[in-house]
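Architecture at a glance
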Amino acid sequence: KRLVLVNIFRCSTMTTAKHEAPPPRSGTSLLVTILLMAISALLSGYITSTILDKEYKIIFAEMQKDCHQTQNDYLSCRSHAAEETTTWRIYADQNIRACQEYVERHLGEDILAYKLGSDGLGKAINRTLEHEALRFELTQSEAKATTLLNSNVILNQEVEALEKDRAIRTRKIKDYVTELEDAERALELRDLERVQCDRYYRDLLNCEESLNQAQQDKVNNKAPSSHTVKQLKDQVQALQNQGKMKEAMLEEMGFTINDAKKEIQSWKVKAESLLEKVNFRSRRDVLKQYGPGPHYVQITLSQEETILLKMAPLDLMSHTIHIFMNLIQEKMYVGGTFLLAREHILVAAPIDAFDPENNQRLEEKMVEEGYFPDGALLFHQYSPEFPHEKYTVGFSSTGGPLFYINIQDNIDAHGPRHIDNEGDVEGDPVFAEVVEGFDVIQRILALPRNEDDSLNTRVQIVDTYVVESDAK
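What counts and how
- Residues numbered from 1 in each chain as written.
- Predicted model: local features only at pLDDT ≥ 70, side-chain atom pairs only at ≥ 80, totals over all residues.
- Heavy atoms only, no water.
- Helix = DSSP H or I, 4+ residues; strand = E, 2+ residues; numbered from the N terminus.
- Contact = heavy atoms within 4.5 Å.
- Areas by Shrake-Rupley, 256 points an atom, 1.4 Å probe, with all protein chains shown as cover.
- Buried < 20%, exposed > 50% of the residue type's maximum accessible area, 1.4 Å probe, protein only.
- Polar contact = N/O pair within 3.5 Å; in protein donor to acceptor, adjacent residues only side chain to side chain.
- Expected span 1.5 Å × (residues − 1).
- Arc of directions from axis to C-beta.
- Core = buried A, V, L, I, M, F, W, Y, C linked by side-chain atoms within 4.5 Å.
- Pairing = 2+ DSSP bridges.
- Phe/Tyr/Trp six-rings, centres within 6.5 Å; stacked < 30°, edge-to-face > 60°.
- Salt bridge = Lys/Arg side-chain N within 4 Å of Asp/Glu carboxyl O.
- pLDDT = per-residue confidence, 0-100.
- Patch = residues over 30% accessible without salt bridge, like charges linked within 9 Å, V, L, I, M, F, W, Y side chains within 5 Å.
- Lys, Arg positive; Asp, Glu negative; His and termini not counted.
- Charge placed at Lys NZ, Arg CZ, Asp CG, Glu CD.

Section: the overall build of the protein
Counting secondary structure elements, the protein contains seven helices and 10 strands. Look at the contacts in the protein between residues 6 or more apart in sequence, and 71% of them connect residues 24 or more apart. Surface exposure of the protein reaches about 32,100 Å², of which carbon and sulfur atoms provide 56%.

Rendered as structure tokens:
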């Protein structure tokens, strides 16, 4: 409105300015001028009023329209606000109820969780205490294990020392046996010499009798010649001297033989003590490493065929069982083969006749571990309670590592026996029996063989391990 009024004032001013005349020169001109100015002012006012009236009406109509629109908007907003308020109030009521239920439910759960947490905390504390106790026990066990390992190292060193001592004592025993045989032969010579001494003694008695007879003849004036008497006296003296020498020699030989027997008995006692120690330690190591038993060993062949062996009772031959289970556990037979099939035995060993390089590797490994060429056992063990019956397993006479499966009863062939020119022979160690895989054994026995009964087909051992008793 202000702009409209300003524009009208400018228009009126411009109109007045356009009709201004030069200063009148008379009174009539001035009157005319004033009249014209009055008319111009009236016209300007009318025009201005008309224009203002139109503008006002337009503005009023627009304002009225805006007012109606604003009122409608207000009513619409009010209605919408009422609806929204009602909706939000309902939603708020629902949320309040849901929140109350949620709070009540979670409050109950929290209370229950608190109770459970309290119980769990107590249990956790108890478990923590138990864990600390177990950790303490574990620390003690580790210390004991370290001590045992150290003692095991010391015991292994002692065993090695005992083995060396055993070898030395074995050689000494052989030397003493040789000396005993020499002493026995000397005793036989002494017996012969004693027989000869008896003969000399009888000759001496005869000489003394002859001498007495000569003296009696002399008394009876039947004196013999001096030469005969002197000869008899010399013979008697010689026989007496020889008898004394023989007696001294026999006495000295008796002392030597008694000393040799005592020394041999002492070495036998020491050897028996050594064997008892080895058996005790072997039994202890088996129980510590493999459990109380019964003990099983599985041999897997190249075609995924298996042979399951059950060890003999540990108390019967603990050293032999310990050595064989160590050979199995250390995979000494892996890469070896079943190499010989005869009518009474099936032989396996860490030997591969089909691959020289593999065979060389197996031999070097055996030598490195001390199982070859002098055998794996420190001494032979045989128990009549576990003889060479069918499907039992034994070491060869060298004490392993070669082993064989008895295909028939071989008590007479491989047990204790007497052989001419050799005397009594100790039985081969037999330490296990086959419990599974009989069909595998029969399949191997059916394979073609060479003239020396060696297998013409490679039957390789691909794995060996000790089976846990619980798993079996």
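What to know about the side chain of H388
One can find H388 in the loop between helix 5 (356-369) and strand 5 (392-395). On the accessibility criterion, H388 (0% relative accessible area) is buried. Within polar-contact distance, the side chain of H388 engages the backbone oxygen of D428 at 2.8 Å. Apart from the residues lying within four places of it in its own chain, the contact partners of H388 are Y382, Y404, N406, Q408, D409, N410, I411, H414, G415, D428, P429 and V430.

Comments concerning helix 5
Between its terminal C-alpha atoms helix 5 stretches 20 Å, which fits the 20 Å expected from 14 residues at 1.5 Å a residue. Inspection of helix 5 places N358, L362 and M366 among the buried residues, and these make up the whole buried set. Buried positions in helix 5, seen along its axis, are confined to an arc of 75° and lie on one side of it. Away from its buried face by more than 90 degrees, helix 5 exposes P356, E357 and E368. The elements touched by buried residues of helix 5 are helix 4 (318-329). One side-chain oxygen of the residue at the start of helix 5 lies 3.2 Å from the amide nitrogen of E357, identifying that residue as D355. Of the residues trailing helix 5, G370 is marked for its positive phi of about 85°.

Regarding the nonpolar core
Counting residues in each nonpolar core, the largest one holds 47 residues, and the members touching the most others are L309, F324, F338 and F431. Per-element accounting of this core gives the leading share, six residues, to helix 4.

Overview of the pairing of strand 5
Of the two faces of strand 5, the one holding T392 and G394 and the one holding V393 and F395 are both buried throughout. Sheet topology places strand 5 next to strand 9 (residues 430-436); three bridges connect them, and they run antiparallel. In the sheet register, T392 faces strand 9, and the bridge partner there is E433. Pairing between strand 5 and strand 6 (residues 403-406): three bridges, direction antiparallel. Note that in strand 6 the partner of F395 across the bridge is F403.

Let's talk about the packing of aromatic side chains
Applying the stated criterion to the full structure yields nine aromatic pairs. When the centroid spacing of 6.0 Å and the interplanar angle of 70° are considered together, the rings of F324 and F395 count as edge-to-face. A residue pair is termed long-range when its members are at least 10 positions apart, and F324 in helix 4 and F395 in strand 5 qualify at 71 residues. Judged by relative accessible area, which is 0%, F395 ranks as buried.

Some remarks on the pattern of salt bridges
This model, assessed by the stated rule, comprises nine salt bridges. Note that R284 and D285 form a salt bridge whose closest N and O atoms lie 3.4 Å from each other. Judged by relative accessible area, R284 falls into the partly exposed class, the value being 24%. Using a relative accessible area of 18% as the deciding quantity, one classes D285 as buried. Across the salt bridge formed by E343 and R449, the nearest N and O atoms sit 3.8 Å from each other. With E343 in the loop between strand 3 (337-341) and strand 4 (345-349) and R449 in the loop between helix 7 (438-445) and strand 10 (461-467), this pair connects stretches of sequence that are 106 residues apart. Residue class for E343 comes out exposed when judged on its relative accessible area of 64%.

So, the environment of S397
Mapping S397 onto the fold places it in the loop between strand 5 and strand 6. In this structure the C-alpha to C-alpha distance between S397 and H380, which are 17 residues apart in sequence, comes to 8.4 Å. Setting aside residues no more than four positions away along its own chain, S397 makes contact with H380 and D428.

Focus: helix 4
Count 3.6 residues to each turn of an α-helix, and residues three or four apart come out pointing the same way. Spanning 12 residues, helix 4 covers 16 Å between terminal C-alpha atoms, matching the ideal 16 Å at 1.5 Å per step. Turning to helix 4, its buried residues number three or more, namely S318, H319, T320, I321, H322, I323, F324, M325, N326, L327 and I328. Backbone geometry just after helix 4 places K331 at a positive phi near 60°.

Some thoughts on the confidence of the model for the protein
Summary statistics for the protein give a mean pLDDT of 80 and a share of 76% for residues scoring 70 or more. Overall, residues 15-21 carries pLDDT values under 50, and its contacts beyond four positions in sequence, including any with other chains, amount to one contact.

A few points about unusual backbone geometry
Along the chain, F372 connects to P373 via a cis peptide bond; the corresponding omega equals 5°. Here G400 and P401 are connected by a cis peptide whose omega angle stands at 5°. Position of P401 relative to the elements: it lies in the loop between strand 5 and strand 6. Positive phi values are uncommon outside glycine, yet K331 reaches one of about 60°. Turning to its location among the elements, K331 is positioned in the loop between helix 4 and strand 3.

Quick look at a negative patch on the surface
A cluster of acidic side chains, namely E330, E363, E364, E368 and E369, defines a negative patch on the protein surface. Relative to the helices and strands, E363 is located in helix 5. The exposure class of E363 is partly exposed, given its relative accessible area of 34%.

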